[in-house]
Amino acid sequence: MADQELTWQGALARWDRRLFDAVAQRHWPGADKVLPRLGRAANHGVLWGGAAAAIAVFGSTRSRKAAVRGAASLALASATINTVGKWSVRRARPLLDGVPAVRRLNTQPWTTSFPSGHSASAFAFTTGLALDAPGWGALLAPVAASVAFSRVYTGVHYPSDVVAGAALGVAAGLVVRRLARDVEEARVVPGDERKVVGAPALPDGEGLTVVVNTDSGTAARAGLDSVLDRLPKAELIECAASELPAELAAAASRATVLGICGGDGTINAAATAALRAGKPLAVFPGGTLNHFVLDLGLAGAEDTCRALAAGHAVRVGVGRFTPGPHPAPRPDRVEDGPADGPAESGYFLNTFSIGAYPELLRHRLRWAPRIGGGPAALLAAWRVLRAEHPVALRLAGRPRKVWLLFAGNGTYHGTGPTPRRRDSLGEGLLDVRMVYGGGRPGPRLLAAAFAGPLTRSPVHAATKLRSLRVGDIPEGTPLAYDGEYAHAPSALVLDALPHALTVYRPH
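As the structure is a prediction and not an experimental result, all values here were calculated from the model. (Residues numbered from 1 in each chain as written. Predicted model: local features only at pLDDT ≥ 70, side-chain atom pairs only at ≥ 80, totals over all residues. Heavy atoms only, no water.)

Draft legend 1. The arrangement of the overall build of the chain in detail. Across its full length, the chain holds 16 helices and 18 strands. Taken across its 507 residues, the chain has 50% of its residues classed as buried. Considering only contacts in the chain between residues 6 or more positions apart, those separated by 24 or more positions represent 75%. With an accessible surface of roughly 22,400 Å², the chain has 58% of that area assigned to carbon and sulfur atoms. (Helix = DSSP H or I, 4+ residues; strand = E, 2+ residues; numbered from the N terminus. Buried < 20%, exposed > 50% of the residue type's maximum accessible area, 1.4 Å probe, protein only. Contact = heavy atoms within 4.5 Å. Areas by Shrake-Rupley, 256 points an atom, 1.4 Å probe, with all protein chains shown as cover.)

Draft legend 2. Seen up close, unusual backbone geometry. Positive phi, close to 55°, is recorded for Asp472, a residue that is not glycine. The topology assignment puts Asp472 in the loop between β15 (467-471) and β16 (478-481). Its identity as a non-glycine residue notwithstanding, His499 has a phi of 55°, on the positive side. Mapped onto the secondary structure, His499 falls in strand β18 (residues 492-504).

Draft legend 3. Geometry of the side chain of Arg422. If you trace the backbone, Arg422 turns up in strand β12 (residues 421-422). Within the structure, the side chain of Arg422 is placed 2.7 Å from the backbone oxygen of Leu349, a separation counted as a polar contact. One polar contact links Arg422 to Tyr412, side chain to side chain, over a distance of 3.3 Å. (Polar contact = N/O pair within 3.5 Å; in protein donor to acceptor, adjacent residues only side chain to side chain.)

Draft legend 4. Summary view of the pattern of salt bridges. Counted by the stated rule, this structure contains 12 salt bridges. In this structure, the salt-bridge partner of Asp495 is Arg320, at a minimum N-O distance of 2.7 Å. Taken together, the residues Asp495 in strand β18 and Arg320 in strand β6 (residues 313-323) connect sequence positions 175 residues apart. With respect to burial, Asp495 and Arg320 carry one shared label: buried. Here Asp431 ties to Arg433 by a salt bridge, and the two come within 3.2 Å at their closest N and O atoms. (Salt bridge = Lys/Arg side-chain N within 4 Å of Asp/Glu carboxyl O.)

Draft legend 5. Just helix α10 (residues 244-254), in detail. Considered for burial, the residues of α10 that qualify are Leu244, Leu248, Ala251 and Ala252. Taken end-on, α10 shows its buried residues confined to a sector of 100°, consistent with a single buried face. Facing away from the buried side of α10 by more than 90 degrees, the exposed set consists of Ala246 and Ser253. Residues of α10 that are buried make contact with β2 (208-213), β3 (235-239), β4 (257-262) and α11 (264-277). (Arc of directions from axis to C-beta.)

Draft legend 6. Layout of the packing of aromatic side chains. In this structure the tally under the stated criterion is five aromatic pairs. On the basis of an interplanar angle of 55° and a centroid distance of 5.1 Å, the ring pair of Phe321 and Tyr481 is categorised as tilted. Taken together, the residues span a long stretch of sequence, with Phe321 in strand β6 and Tyr481 in strand β16 at a distance of 160 residues. Summarising the burial analysis for this pair, Phe321 and Tyr481 share the class buried. Connected via pairs of aromatic rings, a cluster forms that spans Phe321, Phe348, Phe352 and Tyr481. (Phe/Tyr/Trp six-rings, centres within 6.5 Å; stacked < 30°, edge-to-face > 60°.)

Draft legend 7. Structural context of the nonpolar core. In terms of nonpolar packing, the biggest core is built from 30 residues, with Leu258, Leu281, Phe292 and Leu501 touching the most fellow members. Top contributing element to this core by residue count: α11, with six residues. Dropping the residues within four chain positions of it, Leu258 is found in contact with Leu208, Thr209, Val211, Leu248, Ala251, Ala252, Ala270, Ala273, Ala274, Pro280, Leu281 and Ala282. With 24 residues, the next largest nonpolar core counts Phe321, Leu395, Val402 and Val470 among its residues. (Core = buried A, V, L, I, M, F, W, Y, C linked by side-chain atoms within 4.5 Å.)

Draft legend 8. Representation of a nonpolar patch on the surface in the model. A contiguous nonpolar surface patch, about 210 Å² in accessible area, is contributed by Leu131, Val170 and Leu174. Examined against the element boundaries, Leu131 turns out to sit in the loop between α5 (117-130) and α6 (134-153). Under the relative-accessibility criterion, Leu131 is labelled partly exposed at 35%. (Patch = residues over 30% accessible without salt bridge, like charges linked within 9 Å, V, L, I, M, F, W, Y side chains within 5 Å.)

Okay, here's the thing in structure tokens:
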């Protein structure tokens, strides 16, 4: 068996060298001037960054979104190449004896040859772009192929290095596309949440106070003109994000129904105020991401107006995290909202996490004011995939090292560490998923994204729980909940509160 393996490897090496020599001996008119320069232009992703910038200026909204996906694919491929690929297969660079001097690079690469990082970046960006903007992808595909070929033409890679890099780049593009489907595939079909009998009907909006986060997402007033037309007696309060907690607490104390306009983080703050005041919640989506609204089955402000006028509402489950080794007591009556324990509890309508994602969010929030949200997200992903370490903590009394601890409010569909959507918000279970520590975060998260049934994977696991104790959390460890960022206490309890929150939705 070993002899057969050596024979196979030797045959591959001979084929690789023969093809490399054939390229070196062949002359393509004009290629000596174009291909070396094209390869240099692609150093450090500069060529693809320029392409993304051009698409952002001249392309449509969908094209700009596709360019961001392409850049994210490039970041994933590059991180995987530099943390695993270059150090797992230590292959020497080709000898340059047969390569004409005019083609050779002035500065030869010092890293190992397998796989080709330039090829991975080129095909990752082009794949991520082409999946959402086929026209732009077709335009850049010849450029990507030329960059990959230039690495053999200039003598810095064997053909198999380029093929492996290109395959990894395509895989990175597919992974990013798959992880992005949570927004695209979010449904607006109501689930089977329990209907509320006797929810206040506000046909003219009297008793409704809507708090609008003017700093939230794409349009703070998205759909609010129709709200004022349909519900003329509703009170509307506009405030900045820094003023949101105080305004929500005041509005919840005096209103019959608390309304909120914003994204997931804003809705989380409103849900917390509504739970503590024992008031129902009316949601008007107005943020960049609206996962809770979509999973609830609301298509927009018009649906919420109809539900308020008719008094149609449902009860949804809420996730809670409480500092300390014991959970806060459960409420005697759902409508009164959950009582706080010895330390103040936090709540999540969508997800809670410790590990790679909160670190990424922390870096993005720090850099976004200076360089913008998109570049900050890419830079944060690069930083996390290269530099972070697994978090050592205690889960249900057992010591663990994890790259990511994810808890969803309700069962999410889809494989991977951060799945996509829910069919119901009323079941009152936590969807707990863990990516175990070891190795580097990029390959682990990549394996998690590609894996099939999670319970069969040695890299990560999934289970459904009512509660989970998390202890021995290192000081300064960040946590994230519904897109918000905070520092974790030394110990906490995650638990599910079934049917805790009343939310308006048409029956």
